[in-house]
Amino acid sequence: MKCQRISSWLGNWGLITAFVIIKLLVHFLTNTIYEIHRDGFLYIELGNHLNWGYFSVPPSIAVFANIARFIFGDTDFGIRFFPAIIGAISLVIIGIMVKEMGGGKMAQFLALLAFLTSPAFLRSNTLFQPVSFNQFYWLLLSFLIFRLIRTERPIYWIWIGIIAGLAFLNKYSVVFYLTAFLISIFLTSTRKWLKTYYPYLSGFIALLIALPNLIWQFQHDWPVINHMRELAETQLIHVRIDNFLIEQLMMNFPAILIWIPGLIFILFTRNGKQYRIFGLIYLLTLLQIIILRGKHYYTLGLYTMLFAFGGYIIVKWFHGRLQFVRYIIIGLSIILALFILPISLPVMKPEQYVRFMKSIGMEKNQRWEDGLYHELPQDYADMIGWKELTGIVRDTYYSLTPEQRKHCTIFANNYGEAGAINFYGRKYGLPRVISFNDSYLYWAPDSIADDYLIKVGESDDLVEMYDDVKIVGRISTPYAREYGMPVYLFKNPKIDVNRYYQERLHQERNDQ
């Protein structure tokens, strides 16, 4: 009897479990090759200042940062633990969707392979950012809508409201998905849902969960609007529609022969009509982000549902004498995924990566947010040099006498620098770093000790304020995005630097 139960379990869940194990191993074995991403340092720091809102993101990422640190301590592996876990859970949900449509092992294999080999999901499930959680919430919403269509059970509306609210507390871009969902209801036969009170109850639940953050935004004069304006002026200005559309193909390129059939199935076929709402959600979300000049990866959460539909329909379309097509798709997906694996996942050190890309004639093919092309992906460049920076600051700080350290302030120009020193410098007993960047502006003290100042980044006009100015080091780690950035030590102020600091702090806060 026990053997029968084990055999039954393996038959039902063995394939999904195997993919989950592979997914976790892929990330757990590569999670410490690079340091933490600059954005990750900000989210870790948010956990030290728990609140219902922050300058650029909603609050939930801070909670996950604290949980990860509570379990694993201040480790690179621990910070990246949850993105890997939600990637593995995503595989389970995709597998369940295929099973519920009646797809067998081959359909499941194709759908799961699409997610496992996706360069974009390999990358995002490596980074501790709201993006990874956002993609998961979008998949979860799609799954709940899928279950609602198949069962007509109102309880799923309650869960949709709960997940929508939680998704909003993770990343505001879920509004794109929810707007597309609402419009799609009007455009399909699912408009009958609106004759019941459940959709409105669902919306009320979502609003209730999101309300604390909305109140916080209101109390702080809607900093998210200023953040989006700044983002539009510095990064989104470089977004081009042609590049955006090309990236939609490239993000999941090894799985392109799986997700495109899935999209065709739900948009244009009679058998896929009951799932047409998902095709409309895809198109309408895409349209919104194009109009608002959003980044290409904002759409990534849409593709997981297409993997499920694609795996299912490929088996239906290619059977009998055409079964060989399935194996061609599998082979091409695996070959392509392995070929571009160094781009998808940080499996190579920077020097190895650059040599590899040169060997295949693809040097300087990585487009950054500045619109220019570089030798290393921007995410990779944002994950190196931080430990060196912390070491420079540590050595500078401890070059001072104990009495001098009592009157020393460390200031950084951006949240990546400040967060890295706070994270890696904790074991050295370094004081908390001050910055006016992002949410650090809210945490900046009203006054500082100005006798000794360690400044990370360009000196601005501070050189004129001190008699003793010295560059104590520069980031020398090759390919680091902050390569060459100086660290200064200022001594013997000529003016009241604390007063200057207070004026700057007041000005910066008023400008937000």
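Bear in mind the structure is a predicted one, so any value in this text is a computation, not a measurement. (Residues numbered from 1 in each chain as written. Predicted model: local features only at pLDDT ≥ 70, side-chain atom pairs only at ≥ 80, totals over all residues. Heavy atoms only, no water.)

Engineer: Help me get a handle on the overall build of the protein, residues and values and all.
Structural biologist: Counting its secondary structure elements, the protein contains 25 helices and six strands. Its C-alpha radius of gyration of 25 Å places the protein within 12% of the 24 Å reference for a compact globule of 512 residues. Oriented by its inertia axes, the alpha-carbon framework of the protein measures out at about 85 × 55 × 55 Å. Intrachain contacts of the protein at a sequence separation of at least 6 include 75% that bridge at least 24 residues. Entry remark: accessible area of the protein is about 22,800 Å², with carbon and sulfur atoms responsible for 62%. (Helix = DSSP H or I, 4+ residues; strand = E, 2+ residues; numbered from the N terminus. Rg over C-alpha atoms; globule rule 2.2 N^0.38 Å. Contact = heavy atoms within 4.5 Å. Areas by Shrake-Rupley, 256 points an atom, 1.4 Å probe, with all protein chains shown as cover.)

Engineer: Please set out the packing of helix α5 (residues 81-100) against helix α8 (residues 130-151) residue by residue, giving values where relevant.
Structural biologist: Here α5 crosses α8 at 20 degrees, and the two axes come no closer than 10 Å. Of the possible angle classes, the one that applies to α5 and α8 is roughly parallel. In this structure, α5 crosses over α8, and the sense of that crossing is left-handed. Across from Phe82, Pro83, Ile86, Ile89, Ser90, Ile93, Ile94, Ile96, Met97 and Glu100 in α5, the residues of α8 making contact are Ser132, Phe133, Phe136, Leu139, Leu140, Phe143, Phe146, Arg147 and Arg150. Residues that form the contact of α5 with α8 fall into these classes: 14 nonpolar, two polar and three charged. (Axes fitted to C-alpha atoms, helices over the stretch in contact; angles between N-to-C directions. Parallel < 35°, antiparallel > 145°, perpendicular 65-115°, else oblique. Left-handed = near helix turned anticlockwise from the far one by under 90°. Nonpolar A, V, L, I, M, F, W, Y, C, P; charged D, E, K, R; others polar.)

Engineer: I'd like a description of helix α15 (residues 276-291), backed by residues and values.
Structural biologist: Taking 1.5 Å as the rise per residue, α15 with 16 residues should run 22 Å; its terminal C-alpha atoms sit 23 Å apart, in good agreement. Buried residues of α15: Ile277, Phe278, Gly279, Leu280, Ile281, Tyr282, Leu284, Thr285, Leu286, Gln288 and Ile289, and no others. Next to the buried residues of α15 lie α8, α10 (174-187), α13 (241-250), α14 (256-268) and α16 (303-317). Of the residues one or two after α15, arginine 293 is the one with positive phi, at around 60 degrees. (Expected span 1.5 Å × (residues − 1). Buried < 20%, exposed > 50% of the residue type's maximum accessible area, 1.4 Å probe, protein only.)

Engineer: So what's going on with a nonpolar patch on the surface? Residues and values would help.
Structural biologist: A surface patch of nonpolar side chains, about 700 Å² in accessible area, is lined by Tyr197, Tyr200, Leu201, Phe204, Leu208, Leu211 and Ile215. Turning to its location among the elements, tyrosine 200 is positioned in helix α11 (residues 198-219). (Patch = residues over 30% accessible without salt bridge, like charges linked within 9 Å, V, L, I, M, F, W, Y side chains within 5 Å. Salt bridge = Lys/Arg side-chain N within 4 Å of Asp/Glu carboxyl O.)

Engineer: How would you sum up the nonpolar core? Please name residues and give values.
Structural biologist: Counting residues in each nonpolar core, the largest one holds 145 residues, and the members touching the most others are Ile145, Phe278 and Phe309. Considering every element that reaches this core, the biggest residue donor is α8, with 13 residues. Counting 16 residues, the second-largest nonpolar core is a separate cluster that includes Ile434, Met465, Tyr466 and Phe490. (Core = buried A, V, L, I, M, F, W, Y, C linked by side-chain atoms within 4.5 Å.)

Engineer: Describe the sheet that holds strand β3 (residues 408-412), and please don't skip the residues or the numbers.
Structural biologist: Strand order in this open sheet of four strands is β3-β4-β6-β5, and the pairing throughout is mixed. In this open sheet, the two edge strands, each paired with only one partner strand, are β3 and β5 (466-474). Across this sheet, the average inter-strand angle for adjacent strands is 20 degrees, counted without regard to direction. Bridge analysis of strand β4 (residues 452-456) against strand β6 (residues 486-493) gives five bridges, and the strand direction is antiparallel. Considered in β6, the bridge of valine 456 is made with valine 487. (Pairing = 2+ DSSP bridges.)

Coordinates in, geometry out; function isn't part of it.
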